[in-house]
Amino acid sequence: MDINAILKEIDGYFGEGRPEEADRKLHIYLEQSKKENRPDISLSLINEIIGLYRVTSRAKEAYQYTIEGLSLIIENHWEGTLQHGTTLLNGATALRAAGESEKAAEFYAEAAEIYGRNPNIPGDYLAGLYTNISQIFQEKGQHEETLGYLDKAEAILEKLPGKGNELATVRFDKVNSLAALGRIDEARKKMGEALAYYENNLDRHEGHYGTALLTAGNLEFSQDNYKKALEYYEKAKEVTLHYYGENDAYRVICKNIENVSKYL
């Protein structure tokens, strides 16, 4: 089994707006990897499933696969490896999506400890950790702390080639906290940088584009720019439906469209 070929195939399904097919094939390959006794490939596929279930509003199922992945790590004596840290990180993100912020924080802390013990950890691993920890603080309304972690992630990603998607994600993650602190000009600048990346890379699967458009709409709504907010929301609805179907984010966008329409 070639994990790189498998992941390329799965990305293709996402790019075509076929998450159900991605789900089906991931499970087929997972069963195959188990039959062929390839726990390394099984763990990679489990992490892909965790990510898929998180963005398609199946966070509790994602957590169940996290437990399976962690069990696989123990069985193969991979504790303390980067794969262990990544599985914890993905599981924490799923827990946060399921509303289990305290448990998510425990997973993030364990992942941070593992990463801290690996001196040769890739920069994008650390950036991903900082980005995810920032979301815990953002949910609590602790925006200065949020920006502190996002600043660290942005500084790392700016120095790494081929990380435009991750960098764009960090930048639009900053928007809500900057706006909450009244730093509207900075928020608009970061929003513009993120959207520019997605709009110049529409030939690639960029599932975060819908979230970025939703964030842009929220920013405009907060500034009473209702017509512009509606434009962003409508585009966010289209993009999110294409990539992920009618998930939780899609339903939030629909409610926002209904709300902003009252002001027009």
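Above this note sits the structure.
To keep things clear, this report deals only with the structure shown in the data block. Residue positions are given per chain, counted from 1 along the sequence in the order it is written. In keeping with the model being predicted, local features are shown solely for residues with a pLDDT of at least 70 and side-chain atom pairs are shown and tallied solely at 80 or more, while totals for entire chains, interfaces and linings include all residues. Excluded from the side-chain calculations are hydrogens and water; all other atoms, namely the structure's heavy atoms, are used.

1. As for the overall build of the chain
Phase 1 of the analysis: The number of helices and strands found in the chain is 13 helices and zero strands.
Phase 2 of the analysis: Counting from the N terminus, the helices are DSSP H or I runs at least four residues long and the strands are E runs at least two residues long. Beginning at the N terminus, the succession of helices and strands in the chain can be written as α-α-α-α-α-α-α-α-α-α-α-α-α.
Phase 3 of the analysis: Taking 18 Å as the expected radius of gyration for a compact globule of 264 residues, we find that the chain reaches 19 Å, a close match to that expectation.
Phase 4 of the analysis: Taking the principal axes of its C-alpha atoms as reference, the chain extends roughly 60 × 35 × 35 Å.
Phase 5 of the analysis: Per-residue accessibility, obtained with a 1.4 Å probe over protein chains only, is compared with the maximum for each type, and a residue is labelled buried under 20%, exposed over 50%, and partly exposed between these values. Each of the 264 residues in the chain was classed as buried or not, and the buried ones make up 44%. As a reference, a globule follows 2.2 Å times the number of residues to the power 0.38, and the radius of gyration itself is taken over C-alpha atoms.

2. Thoughts on the packing of helix α9 (residues 164–180) against helix α10 (residues 184–199)
Phase 1 of the analysis: Angles shown run from 0 to 180 degrees and are taken between the N-to-C directions of axes, each axis being a line fitted to C-alpha atoms and, for helices, limited to the stretch in contact. Direction vectors running N to C along α9 and α10 enclose 155°, while the axes themselves pass 8 Å from each other. Taken together, the axis directions place α9 and α10 in an arrangement best described as roughly antiparallel. Both α9 and α10 take part in a crossing whose hand is left-handed. On α10, the residues that touch Gly 164, Asn 165, Ala 168, Thr 169, Arg 171, Phe 172, Lys 174, Val 175, Leu 178 and Ala 179 of α9 are Ile 184, Glu 186, Ala 187, Lys 190, Met 191, Glu 193, Ala 194, Tyr 197 and Tyr 198. The scheme is simple: roughly parallel for angles under 35 degrees, roughly antiparallel for over 145, roughly perpendicular for 65 to 115, oblique for anything else. The hand of a helix crossing depends on one turn: near helix anticlockwise from the far one by less than a right angle means left-handed, and clockwise means right-handed. What makes two residues a contact is simply this: any of their non-hydrogen atoms within 4.5 Å.

3. Considering the packing of aromatic side chains
Geometrically, a pair of aromatic rings is defined through the distance of the ring centres and the angle of the planes.
Phase 1 of the analysis: Pairs were defined over the aromatic rings of Phe, Tyr and Trp, the Trp ring being its six-membered one, requiring ring centres within 6.5 Å. Orientation was assigned from the angle between planes: stacked under 30 degrees, edge-to-face over 60, tilted for the rest. Applying the stated criterion across every chain yields a total of 12 aromatic pairs.
Phase 2 of the analysis: Centre to centre, the rings of Tyr 63 and Phe 107 are 6.3 Å apart; their planes meet at 50°, and the pair counts as tilted. Here Phe 107 lies in helix α6 (residues 101–116) and Tyr 63 lies in helix α4 (residues 59–75), a separation of 44 residues in the sequence.
Phase 3 of the analysis: Here Phe 107 falls in the buried class, since its relative accessible area comes to 7%.
Phase 4 of the analysis: Following the ring pairs from residue to residue traces out a cluster consisting of Phe 172, Tyr 197, Tyr 198 and Tyr 209.

4. Notes on unusual backbone geometry
Phase 1 of the analysis: The residue Asn 37 is not glycine, and still its phi comes out positive at about 55°.
Phase 2 of the analysis: Considering the arrangement of structural elements, one finds Asn 37 in the loop between α2 (19–35) and α3 (39–55).
Phase 3 of the analysis: Exposure remark for Asn 37: the relative accessible area of 62% places this residue in the exposed category.
Phase 4 of the analysis: Although it is not a glycine, Asp 224 adopts a positive phi angle of roughly 65°.
Phase 5 of the analysis: Mapped onto the secondary structure, Asp 224 falls in the loop between α11 (209–222) and α12 (226–244).
Phase 6 of the analysis: On the basis of relative accessible area, Asp 224 is assigned to the partly exposed category, the value being 49%.

5. Some points on helix α7 (residues 123–139)
Phase 1 of the analysis: Multiplying 1.5 Å by the residue count of a helix minus one yields the expected span of that helix. In this model α7 runs 25 Å from its N-terminal to its C-terminal C-alpha over 17 residues, within 8% of the 24 Å that 1.5 Å per residue would give.
Phase 2 of the analysis: At its buried positions, α7 is contacted by α5 (82–97), α6, α8 (143–157) and α9.
Phase 3 of the analysis: Looking one or two residues past α7, Gly 141 carries a phi angle of roughly 80°, positive in sign.

6. Things to note about the environment of Phe 221
Phase 1 of the analysis: Mapped onto the fold, Phe 221 is located in helix α11.
Phase 2 of the analysis: If near-sequence neighbours (up to four positions away) are discounted, Phe 221 is found in contact with Tyr 226, Ala 229, Tyr 233, Asn 259, Val 260 and Tyr 263.

7. Considering the nonpolar core
Across soluble globular proteins, you tend to see nonpolar side chains buried next to one another.
Phase 1 of the analysis: Within this scheme, the nonpolar core is defined by two criteria: the residues are buried Ala, Val, Leu, Ile, Met, Phe, Trp, Tyr or Cys, and they are joined through side-chain atoms within 4.5 Å. Ranked by size, the top nonpolar core spans 36 residues in total, and within it Ile 10, Leu 45, Tyr 65, Tyr 108 and Leu 129 carry the most contacts.
Phase 2 of the analysis: Apart from residues no more than four positions distant in its own chain, Leu 129 is found in contact with Leu 89, Tyr 108, Ala 111, Ala 112 and Tyr 115.

8. So, the pattern of salt bridges
Phase 1 of the analysis: Only one rule defines a salt bridge in this text: a Lys or Arg side-chain nitrogen within 4 Å of an Asp or Glu carboxyl oxygen. Applying the stated criterion to the full structure yields 25 salt bridges.
Phase 2 of the analysis: The closest approach of N and O atoms between Arg 58 and Glu 61, which form a salt bridge, is 3.1 Å.

9. Describing the packing of α7 against α8
Phase 1 of the analysis: Contact pair α7 / α8: the axes reach a minimum separation of 8 Å and the direction vectors enclose 165°. With respect to α8, the element α7 is oriented roughly antiparallel. Classified by chirality, the crossing of α8 by α7 is left-handed. Of the residues in α8, those in contact with Gly 123, Asp 124, Leu 126, Ala 127, Tyr 130, Thr 131, Ile 133, Ser 134, Phe 137 and Gln 138 of α7 are His 143, Glu 145, Thr 146, Tyr 149, Leu 150, Lys 152, Ala 153, Ile 156 and Leu 157.
Phase 2 of the analysis: Tallied by class, residues from the contact of α7 with α8 come to 10 nonpolar, six polar and three charged. For this classification, Asp, Glu, Lys and Arg are treated as charged, while Ala, Val, Leu, Ile, Met, Phe, Trp, Tyr, Cys and Pro are nonpolar and the rest, including Gly, are polar.

10. Regarding the side chain of Thr 56
Phase 1 of the analysis: Inspection of the secondary structure puts Thr 56 in the loop between α3 and α4.
Phase 2 of the analysis: Not counting the four nearest positions on each side in its chain, Thr 56 is found in contact with Pro 19, Tyr 244 and Asn 247.

11. Here's the deal with α5
Phase 1 of the analysis: The terminal C-alpha atoms of α5, which comprises 16 residues, lie 23 Å apart, in line with the 22 Å expected from a rise of 1.5 Å per residue.
Phase 2 of the analysis: Every buried residue of α5 is listed here: His 84, Gly 85, Thr 87, Leu 88, Leu 89, Gly 91, Ala 92, Thr 93, Ala 94, Leu 95 and Arg 96.
Phase 3 of the analysis: Immediately downstream of α5, the backbone of Gly 99 shows phi near 85°, a positive value.

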